[in-house]
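# Topology and contacts: notes
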Amino acid sequence: MKPMPLVAGNWKMNGLRASQAELDALNAVLTAKGAPCEVLICPPFTLVAAFAAATGDKVAIGAQDCHAKQSGAHTGDISAEMLKDAGAGYVIVGHSERRADHGESSEAVRAKAEAVLAEGLKPIVCIGETESERDAGKTLDVVLGQLAGSVPTGSTAANTVIAYEPVWAIGTGRTPTVAEVAEVHTAIRSALVARFGADGTGFRILYGGSVKPDNANELMAADNVDGALVGGASLKASDFTGIIDAYRS
Ligand code: PEP
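Figured I'd write up the structure that's included with this text. (Residues numbered from 1 in each chain as written. Predicted model: local features only at pLDDT ≥ 70, side-chain atom pairs only at ≥ 80, totals over all residues. Heavy atoms only, no water.)

## Remarks on the overall build of the protein
Rules: Counting from the N terminus, the helices are DSSP H or I runs at least four residues long and the strands are E runs at least two residues long. The reference for a compact globule is 2.2 Å times residues^0.38; the radius of gyration itself is calculated from the C-alpha atoms. Throughout, a residue-residue contact means that at least one pair of heavy atoms, one from each residue, lies within 4.5 Å. Reported accessibility uses the Shrake-Rupley method at a 1.4 Å probe radius. Residues are deemed covered only where the shown protein chains occlude them. In this tally, Asp and Glu contribute negative charge and Lys and Arg positive charge; neither His nor the terminal groups of the chain are included. For this purpose, a charge sits on NZ of Lys, CZ of Arg, CG of Asp or CD of Glu.
A count of helical and extended segments in the protein gives 10 helices and 8 strands. The C-alpha radius of gyration of the protein comes to 17 Å, within 12% of the 18 Å expected for a compact globule of 249 residues. Based on the C-alpha atoms only, the size of the protein along its principal axes is roughly 50 × 45 × 35 Å. Looking at the protein alone, contacts between residues at least 24 apart form 71% of all its contacts between residues at least 6 apart. If you sum the accessible surface of the protein, you get close to 10600 Å²; carbon and sulfur atoms cover 54% of it. Across the protein, the mean location of the 21 positive side-chain charges is 3 Å away from that of the 29 negative side-chain charges.

## Observations concerning the layout of surface pockets
Where we set the bar: Buried and open spaces are told apart on a 1 Å grid over the protein atoms alone, a cavity being a set of points where a 1.4 Å probe fits but cannot get out and a pocket being an open set with protein on both sides within 12 Å along at least five of seven lines. Residues with an atom within 4 Å of a point are the lining residues. Grid points are joined across faces, edges and corners, and a volume is the space filled by probe spheres set on the points. Throughout, the ten residues Ala, Val, Leu, Ile, Met, Phe, Trp, Tyr, Cys and Pro are labelled nonpolar, Asp, Glu, Lys and Arg are labelled charged, and all others, Gly among them, are labelled polar.
By volume, the largest pocket amounts to about 400 Å³. As for the largest pocket, its lining consists of 17 residues, of which Lys 12, Met 13, Gln 64, Arg 98 and His 102 are closest to the centre. By residue number, the principal contributor to the lining of the largest pocket is helix H4 (residues 96-101), which donates 3 residues. Size it by volume and the second largest pocket reaches roughly 150 Å³. Along the walls of the second largest pocket sit 17 residues, with Ile 170, Gly 171, Ser 210, Gly 231 and Gly 232 positioned nearest its centre. When the residues that make up the lining of the second largest pocket are grouped by side-chain class, the tally is 5 nonpolar, 9 polar and 3 charged.

## Details of the side chain of Arg 134
Let me state the cut-off plainly: Exposed residues in this analysis have more than 50% of their type's maximum accessible area, buried residues have under 20%, and partly exposed residues fall in between, with area computed by a 1.4 Å probe over protein chains only.
Note that Arg 134 resides in helix H6 (residues 131-135). The class for Arg 134 is buried, based on a relative accessible area of 18%. When residues no more than four places from it in sequence are discounted, the contact partners of Arg 134 are Glu 129, Thr 139, Tyr 164, Trp 168, Glu 180 and Val 184.

## Observations concerning the sheet that holds strand S8 (residues 227-230)
Worth spelling out the cut-off: Note on pairing: two strands pair once DSSP finds at least 2 bridges between them. For helices, the fitted axis covers only the stretch in contact; all axes are lines through C-alpha atoms, and the angles between them, taken along N-to-C directions, range from 0 to 180 degrees.
With respect to topology, 8 strands assemble into a closed barrel ordered S1-S2-S3-S4-S5-S6-S7-S8, the strand pairing being parallel. Direction aside, the axes of adjacent strands within the sheet are offset by 25 degrees on average. In this structure, strand S4 (residues 90-93) lies alongside strand S5 (residues 122-127), joined through 4 bridges in parallel fashion. Each bridged residue has a counterpart across the sheet, and for Ile 92 the counterpart in S5 is Ile 124. Taken strand by strand, helix H2 (residues 45-54) contacts strand S2 (38-42) and strand S3 (60-63), and its axis lies near 160 degrees from that of S3. Most of the contacts of helix H5 (residues 106-118) go to S5, to which it runs at about 160 degrees, and overall it touches S4 and S5.

Following this line, the structure appears as structure tokens:
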């Protein structure tokens, strides 16, 4: 059975308290029209608690990162336990901007994902190749290596989401072709089945990288694509609902 798709918004370092108007607008549209898939917004840490308190039953709230430890002397960091306390249901880990800006290895990402699972929250584990890796024909090697290194042993289809995000497609307006997306997602699916058995068929594998209302239909229809991780186009409810509409038949 195909898993319930997930369309997740990653607000990155964007959003002030007034931005709750966009969450309110999203909730209003989905309450009026119904939600055809699971919908998630991951605002910056400063807004997680307020958004979790304000959201309705159609939009879940998540976070964009966490520390691997539960508490302690880690100035400026946030733990999965804190995010759970704030009302988060999901935590993005291993986003390419964190792998690049903060030198996060797959081992570090796996430790974060384990911390998320330990709190009963769901990690969204991000993987993806750079443009030079793609040009060198290394896409599958890189992506499957990150998958093996970043996904915890305790992951299941029910508790973990994978997001394939080619680094060169993030925020650039460029996307792989539908065939290229399908090739990578199908390889990820095969690797999940090889590692987790039949449960591997149920993991949601999101595509991320310049998803917009006008390309969502074709990208979401690609083989083994079970939703989207959306950056820029998740900031405005009008754009984000246009992407969610890809799941209305
Ligand atoms: C992202 O950062 O996860 C992302 C997919 O960004 P964008 O949609 O803006 O390319």
